[in-house]
Amino acid sequence: MAEQNNTPVATEKIKKMLERKKDKTKLSLRMCAHCTLCAESCFLFMTRGKDPKYMPSYKFINSIGKLYKKKGEVDRATLEEIGDIVWNDCVLCTRCYCPLGIDIPDMIALARSICRTQGVYRQYDK
Ligand code: SF4
Ligand code: SF4
């Protein structure tokens, strides 16, 4: 993750980004039946002891789901927590499968984009 950033969170910017995919996000969150059927399609879940925090549904609900439920009104600590999920716990390989058709990678990618605009991202050159 980037070094400590004390810049205030630009919540208006986050709200605008959420608004662009509001319908899809809302539908995805409503549709999720918490059935865990997506879990075994994620290699990170399978290779990290089946730790629930690597379940695709956990990752999308606790990233974009959190941003959506808080309507973008998040503090930096929350953004950092979300950043840890979307940058460290998912590689956006797009292999996760939801029988209900939820586009989990797209939801996590949106959370990544939002984090990036607020300076919360992974630095690969360190
Ligand atoms: S994302 Fe799909 S497969 Fe995963 S828990 Fe939700 S409904 Fe089930
Ligand atoms: S996109 Fe993320 S959640 Fe989906 S299978 Fe790949 S690493 Fe797992």
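Look a little higher up for the structure.
Enquirer: Can you walk me through the site of ligand 1 in this structure?
Expert: Among the 13 residues in the neighbourhood of ligand 1, the closest are listed as Cys32, Ala33, Cys35, Cys38 and Cys98. More than half of the atoms of ligand 1 fall within 2 Å of the grid points belonging to the second largest cavity. Within the shell around ligand 1, the residues separate by chemical class into 10 nonpolar, 3 polar and no charged.

Enquirer: What is the right way to look at the site of ligand 2 in this model?
Expert: Residues in close proximity to ligand 2 include Ser41, Cys42, Leu44, Pro56, Lys59, Cys90, Val91, Leu92, Cys93, Thr94 and Cys96, which together make up its full environment. When each cavity is represented as a set of grid points, ligand 2 is found to reside in the largest cavity. Here the shell around ligand 2 is built from residues that sort into 8 nonpolar, 2 polar and 1 charged.

Enquirer: Please explain helix α7 (residues 104–117) as it appears in this structure.
Expert: Note on helix geometry: an α-helix contains 3.6 residues per turn, so any two residues three or four positions apart are oriented the same way. The terminal C-alpha atoms of α7, which comprises 14 residues, lie 20 Å apart, in line with the 20 Å expected from a rise of 1.5 Å per residue. Burial of α7 is extensive: 10 of the 14 residues sit out of reach of the surface. Burial in α7 covers these residues: Ile104, Pro105, Asp106, Met107, Ile108, Leu110, Ala111, Arg112, Ile114 and Cys115. At its buried positions, α7 is contacted by α1 (11–20), α2 (22–31), α4 (56–61), α5 (64–69) and α6 (76–88). Once α7 ends, the next one or two residues include Gly119, with phi positive near 80°.

The rules we used
- Residues numbered from 1 in each chain as written.
- Chains lettered and ligands numbered in written order.
- Predicted model: local features only at pLDDT ≥ 70, side-chain atom pairs only at ≥ 80, totals over all residues.
- Heavy atoms only, no water.
- Near = heavy atom within 4 Å.
- 1 Å grid on protein atoms, 1.4 Å probe; cavity = no way out; pocket = protein on both sides within 12 Å on 5 of 7 lines; lining within 4 Å.
- Sits in = over half its atoms within 2 Å of the grid points.
- Nonpolar A, V, L, I, M, F, W, Y, C, P; charged D, E, K, R; others polar.
- Helix = DSSP H or I, 4+ residues; strand = E, 2+ residues; numbered from the N terminus.
- Expected span 1.5 Å × (residues − 1).
- Buried < 20%, exposed > 50% of the residue type's maximum accessible area, 1.4 Å probe, protein only.
- Contact = heavy atoms within 4.5 Å.

By themselves, these figures tell us nothing about what the structure is for.
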